[in-house]
Amino acid sequence: MTSRTGYIWNTLYGWADTGSGGLFPSSVEALTQPISHHVAHPDTKRRLHELIAASGLIKSLTQLEPSPAGKADVLRAHDEAHYDRILAESALPKGGDAGDGVSPFGQGGHHIALLAAGGAIEAVRAVADGTVDNAYALINPPGHHAERATGRGFCTFNNGAIAAAYAREVLGMTRVAIVDWDVHHGNGAQDIFWETSNVLNISVHQNRCFPSNSGFRDERGAGDGFGYTLNIPLPPGGGSGVYEYAFDTVVLPALRAYRPELIIVASGFDASMMDPLSRMMLRSEGFRALARKILDVAAEVADGKLVCLQEGGYSPHYVPFCGLAVVEELAGVSTGTADALHPILADMGGDELLPHEREAVDAARELLANIS
Ligand code: 3YP
Ligand code: ZN
């Protein structure tokens, strides 16, 4: 018997070589010291996989096998020059960088990136054909910053955009929604789908976290795509109070208006209280609540078809508990695993909707106007 929730992890996702730098490449000249774990070291994601296994949740999931994406799959979202450059640098003895100088990959790294994009495609395929109801693809490297012409922000290929384009061009879907709850702006899908109404791209993120010059409310798409890019930037310091308010008043109404055939969640866990690359205050139960809301709206408008793709998340201590909560919710299973960090995070705040947070979300409500 297959369970309702598909799951993807591959050993090679844990072999992504992020190099000897910490956030920037190590450099004697810049005095950035080498360190054993880059901030995006794949161990954080491997630890999530191992909690899914050790908690027993994995027994309730249908494991899906990713194949590497092909060149044609990648070219639905990227320029050929970007694809060719990644392959060329990947062949070098020490690998290369996805495009912005802070996104290193090792020799053969193209294969892991293609396997991540292929994992996203496989999750979409399995949900679309009914093999499973929904899926969590714990893929790595992430994708949501990668633009048509370049990788960026630890991302090589835009896994979510490649999967959405696959749903459109191979599966024939005409309406795919991307909901990006990673704490950083989903600039990649915004760039790739700027002029189309076939993909609704909603990004909820910490204002000006990364990239610092995009993700503003007035970026709404162009041409046929006008109104189908929605940015909901939140002030730093927000937790489940503002996230739930943003979902209830903007994200879910947008999805109800759009009626997608498939919802893809860009699922980062870097809006957590423990994350080193942001200043937001979600706990695992907050992520669980967001997953619940998306599951409910997916059941309402998209025949339940929901695919979550792993994006960021940089606390090796906390990402596993946040991810477990989301995958439990997708599967409708509780393993009874307690969030081990809850005792030290419970009283720090974030659950209350503060006035300036309400204002930021209310200002985004006008973005609902053009969706049909
Ligand atoms: C990339 C370089 C500095 C911030 C970092 C953000 C990566 C990420 O998690 N994006 O979702
Ligand atoms: Zn992020």
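As shown above, the structure is provided for reference.
Note that the structure is predicted; figures quoted are calculated from it, not measured. (Residues numbered from 1 in each chain as written. Chains lettered and ligands numbered in written order. Predicted model: local features only at pLDDT ≥ 70, side-chain atom pairs only at ≥ 80, totals over all residues. Heavy atoms only, no water.)

Caption draft 1: Looking closely at the site of ligand 1. Residues in contact with ligand 1, as listed here, are H144, H145, G153, F154, D182, H184, F210, D270, L277, G312 and Y314. A distance of 2.8 Å separates an oxygen atom of ligand 1 from a polar side-chain atom of D182. Taken by itself ligand 1 offers 330 Å² of open surface, and the protein chains cover 91% of this. Taken together, the residues that form the shell around ligand 1 break down as four nonpolar, five polar and two charged. (Near = heavy atom within 4 Å. Polar contact = N/O pair within 3.5 Å; in protein donor to acceptor, adjacent residues only side chain to side chain. Areas by Shrake-Rupley, 256 points an atom, 1.4 Å probe, with all protein chains shown as cover. Nonpolar A, V, L, I, M, F, W, Y, C, P; charged D, E, K, R; others polar.)

Caption draft 2: Molecular detail of the coordination of the zinc ion (ligand 2). Taken together, the protein donors to the zinc ion (ligand 2) comprise D182 (OD), D182 (OD), H184 (ND1) and D270 (OD), at separations of 2.0 to 2.7 Å. Along the chain, the residues donating to the zinc ion (ligand 2) fall in the pattern D-x1-H-x85-D. Note that D182 is positioned in the loop between β6 (176-180) and α6 (187-192) and D270 in the loop between β9 (262-267) and α8 (284-301), a separation of 88 residues in sequence. Accessibility classification places D182 together with D270 in one group, the buried group. (Donors = N, O, S within 2.8 Å, 3.2 Å for Na, K, Ca; no water. Helix = DSSP H or I, 4+ residues; strand = E, 2+ residues; numbered from the N terminus. Buried < 20%, exposed > 50% of the residue type's maximum accessible area, 1.4 Å probe, protein only.)

Caption draft 3: Main features of the sheet that holds strand β5 (residues 134-137). Pairing within the open sheet is parallel, and its eight strands lie in the order β2-β1-β5-β10-β9-β6-β7-β8. With partners counted over all chains shown, the strands left at the sheet margins are β2 (62-63) and β8 (229-234), one partner each. Looking at chain direction, β6 and strand β7 (residues 199-206) are connected through five bridges and run parallel. Its bridge partner lying in β7, V176 is registered against V199. (Pairing = 2+ DSSP bridges.)

Caption draft 4: Local environment of the nonpolar core. Ranked by size, the top nonpolar core spans 110 residues in total, and within it W181, L200, Y243, L255, I263 and I294 carry the most contacts. In terms of residue count, helix α4 (residues 109-128) provides more of this core than any other element does, twelve residues in total. Each residue touching Y243, except ones within four places of it in the same chain, is listed here: V183, V204, L234, G238, A271, M280, L282 and L290. (Core = buried A, V, L, I, M, F, W, Y, C linked by side-chain atoms within 4.5 Å. Contact = heavy atoms within 4.5 Å.)

Caption draft 5: How the structure looks around the environment of D275. Along the polypeptide, D275 turns up in the loop between β9 and α8. Sequence spacing of D275 and P316 is 41 residues, and the spatial spacing of their C-alpha atoms is 9.0 Å. In contact with D275, not counting residues within four places along its chain, are F269, D270, G313, Y314 and S315. In this structure the side chain of D275 is engaged in a polar contact, spanning 2.8 Å, whose partner is the backbone nitrogen of L277.

Caption draft 6: The packing of α8 against helix α9 (residues 319-331), seen in detail. As a packed pair, α8 and α9 sit with axes 8 Å apart at the nearest point and diverge in direction by 30 degrees. What the angle tells us is that α8 and α9 run roughly parallel. Between α8 and α9 the crossing geometry is right-handed. Across the interface between the two elements, S284, F287, R288, A291, R292 and L295 of α8 pack against F321, C322, A325, V326, E328, E329 and L330 of α9. Looking at side-chain class alone, the contact of α8 with α9 contains eight nonpolar, one polar and four charged residues. (Axes fitted to C-alpha atoms, helices over the stretch in contact; angles between N-to-C directions. Parallel < 35°, antiparallel > 145°, perpendicular 65-115°, else oblique. Left-handed = near helix turned anticlockwise from the far one by under 90°.)

Caption draft 7: Spotlight on the environment of A126. Tracing the backbone through its elements, the reader meets A126 in helix α4. Note on A126: relative accessible area 0%, which makes it buried. Residues A126 and L64, 62 residues apart in the sequence, show an inter-C-alpha distance of 8.2 Å. Among all residues touching A126, those that are not within four sequence positions of it are L64, T131 and V132.

Caption draft 8: The side chain of D180, seen in detail. Tracing the sequence through the fold places D180 in strand β6. Lacking a salt bridge, the buried D180 has K45 as its closest oppositely charged neighbour, with an N-O distance of 12 Å. A polar atom in the side chain of D180 sits 3.0 Å from the backbone nitrogen of D182. In contact with D180, other than residues within four places in its own chain, are H144, G186, I202, S203, V204 and A266. (Lys, Arg positive; Asp, Glu negative; His and termini not counted. Salt bridge = Lys/Arg side-chain N within 4 Å of Asp/Glu carboxyl O.)

Caption draft 9: Layout of helix α7 (residues 240-258). The largest bend along α7 measures about 45 degrees and falls at F247. Within α7, 14 of the 19 residues are buried, which leaves the element mostly enclosed by the surrounding structure. (Bend = angle between axes of the 7 residues up to and from the residue.)

Caption draft 10: A look at the pattern of salt bridges. Inspection of every chain in the model, using the stated rule, returns 21 salt bridges. With its nearest N and O atoms 2.8 Å apart, the salt bridge here joins R152 to E147. Taking relative accessible area as the criterion, R152 reaches 22% and is therefore assigned partly exposed. What makes E147 buried here is its relative accessible area of 18%. We note a salt bridge from R365 to D362, for which the minimum N-O separation is 3.2 Å. You can call R365 partly exposed: its relative accessible area is 39%.

None of the figures reported here should be taken as evidence of function without further support.
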